[in-house]
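Chain by chain, the residues run as shown.
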Amino acid sequence: MSDLPPSGDHKDAEVLPAEQPAAPGTSIVRADEVVPHRLVALPLNQRPVFPTMMMPLVIPAGRLADAARNALQHHHGWIGFFMTHEPVEESAAFHGSHLHRIGCAARIAKHQDAEGGALQVIIQVVARWRTVEVERDDAVVIVRGEAVRTVVDPGDQQVRALAMAIVGQLRELVSHNPVYGEEIKLVLANFNNIDGPSRLADIAASLTTAKRGDLQEILETFEIIPRMERVVALLTREDQLSQLKTKIQKQIEEKVSDHQRKFFLNEQLKAIKQELGLESDDKSLDVKRFTDALAKRGEAIPQETRQVIDEELRKLQLLDPASSEYAVVRTRLEWLTDMPWGVRTEDTLDTISLRKGLDADHFGLEDVKDRVVEFVAVRKLKADRGGGIITLVGPPGTGKTSVGASIARQLGRRFFRFSLGGMRDEAEIKGHRRTYVGALPGKIVQALKRCGSMNPVILLDEIDKLGHGHQGDPASALLEVLDPEQNKDFLDHYLDVRVDLSQVLFICTANDAGGIPEPLRDRMEVIRLAGYVEAEKMAIARDHLVPKQLAAHGLSRKDLAFSATALRSMVRDHAREAGVRHLEQLIAKVCRKVATARAGGSRTRVALTPKNLPEYLGKPLMRDDELLAHPRPGVVTGLAWTALGGATLEIEAVAVPAEKGSLTLTGQLGDVMKESATLARTYLMANAQRLGLDGGQATFFDRHAVHVHVPAGATPKDGPSAGVTIATALLSLALGRAPRRRLGMTGELTLTGRVYPIGGVREKLVAAKRAGLTRVLLPAANERDHAELPQLVTDGIEVVFVETLDEVLREAGLAQPA
């Protein structure tokens with residue numbers, strides 16, 4: 001360890017005059033400790049230092065140690081400590097702009113090289129320092145400025161009072177926080193030797209756990225009274241924190257002691273009760289509870305399950321109740337004994353009353369109702385209470401989910417529904433293995449337990465929206481559930497025993513059967529719901545939706561009445577979708593407006609008519625297309641099937657003269673639809689003379705760039721059923737003649753002009769009725785599908801069956817007279 005020469009021997013130990021006058025209560029350090037006007041700056045991250053502090057430091061190797069050695073070699077060991085504006089890593093570079101202007105000047109009293117290039121030093125902090133400018137800002141930061149010291153009037157009464165307050169707060173802090181006891185006691189013992197109130201305030205501030213910003217504010221406060229007031233505030237806050245810490249620690253100790261006391265008392269009470277034979281321990285109670293549950297179920301529990309329960313009970317008796325395996329075994333026993341083994345509800349086997357109940361709950365859905373009645377009729381003849389698997393496929397809002405609850409209610413069975421949409425983990429179906437923390441049985445077993453019977457109705461909603469991820473494929477797990485040949489021995493991973501699902505009636509719902517994996521769809525009986533026509537929607541609104549919404553909004557028919565014409569206007573002009581969900585939302589909107597008026601004091605009965613309907617719903621969103629009443633050449637109405645129900649497509653064609661003929665297709669058409677358009681153009685060109693495209697018109701497609709567009713452009717479209725429609729639109733464009741009014745068509749066109757059958761006949765006819773079409777052309781091969789449709793769908797539409805494109809063109813009014 002080497003000593004430095006006394007500071008008075010420094011040749012450059014002079015203080016530069018301040019660039020600004022010193023503030024009141026401050027002065028420049030003079031004679032006793034002359035501080036140079038240039039210092040090597042070192043950064044502080046956590047807390048500032050205060051004058052008169054003497055402290056040992058180990059400066060890590062690197063830029064900081066190099067800066068300290070530079071101070072020893074060129075500045076006689078004088079350094080400046082400055083807080084950084086934001087904490088920086090020790091290895092990170094810092095610059096003068098990172099440092100506060102106010103810090104402390106210090107002198108390295110002793111130093112010694114340490115291992116690894118570090119430097120051990122003893123620092124004597126001399127005075128506060130105010131930076132005027134940064135002279136050097138590279139590997140070593142050198143700042144120029146001046147040292148400042150506070151001048152205090154010892155006779156000032158306020159200063160004396162604040163000093164006494166600081167001493168009093170320090171004594172309070174010792175009583176509540178013994179961590180600082182020795183340091184504070186040392187300060188108090190040497191209070192009379194402390195060099196004035198300024199040093200007392202600095203020492204007291206350095207003893208607190210205040211934030212870096214608060215301590216920097218005290219360092220920057222030169223005037224003694226404001227500084228001492230800040231220190232008193234810090235000490236008060238420190239004392240409050242110490243009291244709170246002591247209080248919390250005391251509460252914790254009391255709580256722990258209370259728990260220990262209760263534990264010993266409970267153990268003594270348990271021993272006394274065992275001696276008197278009054279009560280058994282928790283393990284004995286668990287075993288008794290499971291044994292009683294086993295005896296209650298009797299022979300209803302399958303033999304395999306009974307053996308597993310007996311084995312688990314023996315294991316439970318050998319385990320320590322405090323062990324984690326004990327909790328796993330007990331939870332499994334709870335599930336095994338709580339399952340409704342042998343419990344079945346009695347079905348309502350009266351088919352007549354069953355049909356009446358279904359009709360009262362839902363309008364239409366004849367296929368679904370017939371299938372449920374058939375299900376009950378078979379069970380009645382076989383005296384069997386078995387299950388089945390039914391899948392309802394149709395657009396949103398057609399009652400697929402609600403019909404499941406209705407079926408359960410009319411059959412007298414319990415009902416459980418859960419959605420499969422977005423499910424990615426097969427454990428949701430087959431249960432988790434017991435090795436996982438928080439493991440549970442799958443949804444199927446949970447449904448049986450919650451329903452309390454082995455023959456409930458379980459609705460698997462949105463089965464076409466199953467996902468799959470790294471946890472497995474839920475669709476594959478459902479293969480065992482929905483297979484009548486396998487589900488009588490369904491194995492849940494958690495229970496690890498066979499569960500008979502053969503008596504469960506599974507009802508699945510989907511919007512698009514194409515989204516159901518083929519192996520799964522093969523196990524289902526699919527019933528398609530095409531959507532509702534206008535008459536069905538009006539009946540549903542009148543009998544179900546209006547009463548439901550009136551009750552939901554606190555209204556009665558005396559407050560609001562929907563006329564039949566108003567409901568028809570709502571269906572035609574505002575809610576043409578396949579289902580009735582949007583129609584119900586519109587009815588609810590009307591009810592809200594009427595309820596608001598009633599709450600405001602109005603007592604007028606509202607009678608909703610087409611005339612005042614815009615006051616509640618605004619202008620109609622949908623109107624009969626002008627093209628239906630006033631057709632144009634090149635525009636023909638086609639019929640399409642979508643997952644949301646049937647829809648009409650206006651296929652538009654225009655032509656621009658060109659040297660070479662071409663065909664452009666837009667509207668997000670799929671490959672099959674593009675091929676249909678190319679095929680239609682080729683057929684018309686090959687049969688131009690027979691179709692009336694003679695003379696100059698015979699070269700129409702060779703000398704025109706034809707553009708075919710199918711709105712809406714943002715919706716992807718594909719399928720072969722638009723073939724006849726595209727051909728009719730192209731011929732209408734070439735002849736310059738418009739097709740017949742309110743005519744729709746669908747069918748696949750072959751290269752020889754034949755019309756092949758299509759799917760979705762019911763959905764397409766429902767869409768035609770909604771759009772106001774009166775005449776529809778269907779392939780002759782679909783006549784059987786049309787014959788199976790209810791009269792409610794076919795009424796009001798004249799259906800013409802065609803076999804060739806020539807028949808289509810004749811019905812469209814575009815064929816040449818014979």
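Refer to the structure above for everything that follows.
About the thresholds
Residues numbered from 1 in each chain as written. Predicted model: local features only at pLDDT ≥ 70, side-chain atom pairs only at ≥ 80, totals over all residues. Heavy atoms only, no water. Pairing = 2+ DSSP bridges. Helix = DSSP H or I, 4+ residues; strand = E, 2+ residues; numbered from the N terminus. Axes fitted to C-alpha atoms, helices over the stretch in contact; angles between N-to-C directions. Contact = heavy atoms within 4.5 Å. Core = buried A, V, L, I, M, F, W, Y, C linked by side-chain atoms within 4.5 Å. Buried < 20%, exposed > 50% of the residue type's maximum accessible area, 1.4 Å probe, protein only. Phe/Tyr/Trp six-rings, centres within 6.5 Å; stacked < 30°, edge-to-face > 60°. Lys NZ or Arg CZ within 6 Å of the ring centre and 35° of its normal. Expected span 1.5 Å × (residues − 1). Patch = residues over 30% accessible without salt bridge, like charges linked within 9 Å, V, L, I, M, F, W, Y side chains within 5 Å. Areas by Shrake-Rupley, 256 points an atom, 1.4 Å probe, with all protein chains shown as cover. Salt bridge = Lys/Arg side-chain N within 4 Å of Asp/Glu carboxyl O. Parallel < 35°, antiparallel > 145°, perpendicular 65-115°, else oblique. Left-handed = near helix turned anticlockwise from the far one by under 90°. Nonpolar A, V, L, I, M, F, W, Y, C, P; charged D, E, K, R; others polar.

**Student:** Would you mind showing me how to read the sheet that holds strand β10 (residues 415-419) here?
**Tutor:** Neighbouring strands of a sheet are bound in pairs by backbone hydrogen bonds; such pairs are parallel or else antiparallel. Sheet architecture is open: five strands sit in the order β10-β11-β14-β9-β15, paired in parallel fashion. A strand with exactly one partner marks an edge of an open sheet, and here the two such strands are β10 and β15 (525-528). Within the sheet, the average angular offset between the axes of one strand and its neighbour, ignoring direction, is 20°. Direction of pairing for strand β11 (residues 457-461) relative to strand β14 (residues 505-510): parallel, over a ladder of four bridges. Considered in β14, the bridge of Leu460 is made with Cys508. Across the sheet, helix α14 (residues 443-451) lies against β10, β11 and β14, angled at about 150° from β10, the strand it touches most.

**Student:** Looking at this structure, I do not really get the nonpolar core. What am I missing?
**Tutor:** In terms of nonpolar packing, the biggest core is built from 62 residues, with Ile79, Phe81, Ile123, Trp129, Ile166, Met228 and Val231 touching the most fellow members. Tallying contributions element by element places strand β7 (residues 119-137) first for this core, with seven residues. Judged by nonpolar contacts, the second largest core, of 53 residues, contains Leu336, Met339, Ile458 and Ala477.

**Student:** Help me out: how do you make sense of the environment of Ala475 in this one?
**Tutor:** Tracing the sequence through the fold places Ala475 in helix α15 (residues 474-481). In this structure Ala475 comes out as buried when scored by relative accessible area, which is 7%. Excluding residues within four positions of it along the chain, Ala475 makes contact with Leu466, Pro517 and Leu520.

**Student:** Is there a simple way to explain α14 in this structure?
**Tutor:** Note: α-helices contain 3.6 residues per turn, so residues at a spacing of three or four share the same orientation. Of the residues making up α14, those classed as buried are Ile444, Val445, Gln446, Ala447, Leu448 and Cys451. Backbone geometry just downstream of α14 places Gly452 in the positive-phi region, at approximately 75°.

**Student:** What is the right way to read the packing of aromatic side chains from this model?
**Tutor:** Two descriptors summarise a pair of aromatic rings, namely the distance from one centre to the other and the angle between the planes of the rings. Tallying each qualifying case throughout the model produces one aromatic pair. Seen from the ring of Trp335, Lys449 lies directly overhead, with NZ or CZ sitting 3.9 Å from the centre.

**Student:** Explain helix α9 (residues 324-338) to me, please; I cannot follow it from the model alone.
**Tutor:** Here α9 is 15 residues long and its end C-alpha atoms lie 21 Å apart, about the 21 Å a rise of 1.5 Å per residue gives. Residues of α9 that are buried include every one of Tyr326, Val329, Arg332, Leu333, Trp335, Leu336 and Thr337, and no others. Summarising the contacts, the buried residues of α9 are in contact with α7 (282-297), α8 (303-318) and α14.

**Student:** Quick question: what am I supposed to make of a nonpolar patch on the surface here?
**Tutor:** Side chains of Leu244, Ile248, Ile252 and Val256 sit close together on the surface and give an oily, nonpolar patch of about 340 Å² of accessible area. The topology assignment puts Val256 in helix α6 (residues 224-276). By relative accessible area, which is 41% here, Val256 ends up partly exposed.

**Student:** In this structure, what is going on with the packing of α7 against α9? I would like to understand it.
**Tutor:** In a packed pair of helices, the relevant descriptors are the angle between the two axes and the axis-to-axis distance. Contact pair α7 / α9: the axes reach a minimum separation of 10 Å and the direction vectors enclose 20°. Classed by the angle they form, the pair α7 and α9 counts as roughly parallel. As α7 packs across α9, the resulting crossing turns out to be left-handed. Contact with α7, carried on its side by Asp282, Lys283, Asp286, Arg289, Phe290, Ala293 and Arg297, involves Tyr326, Arg330, Leu333, Glu334, Thr337 and Asp338 of α9 and no other residues of that element. Along the lines of polarity and charge, the residues of the contact of α7 with α9 split into four nonpolar, one polar and eight charged.

**Student:** What is the right way to look at the pairing of strand β9 (residues 388-393) in this model?
**Tutor:** Regular strands have side chains that alternate between both faces of the sheet. Within β9, six of the six residues are buried, leaving the element largely enclosed by the surrounding structure. Because side chains alternate across β9, one face comprises the buried residues Gly388, Ile390 and Leu392, and the other comprises Ile389, Thr391 and Val393, equally buried. Bridge count for β9 against β14 is six bridges, and the pairing is parallel. Bridge pairing in β14 links Leu392 to Thr509. Pairing of β9 with β15 involves four bridges; the strand directions are parallel. Note that in β15 the partner of Ile390 across the bridge is Glu525.

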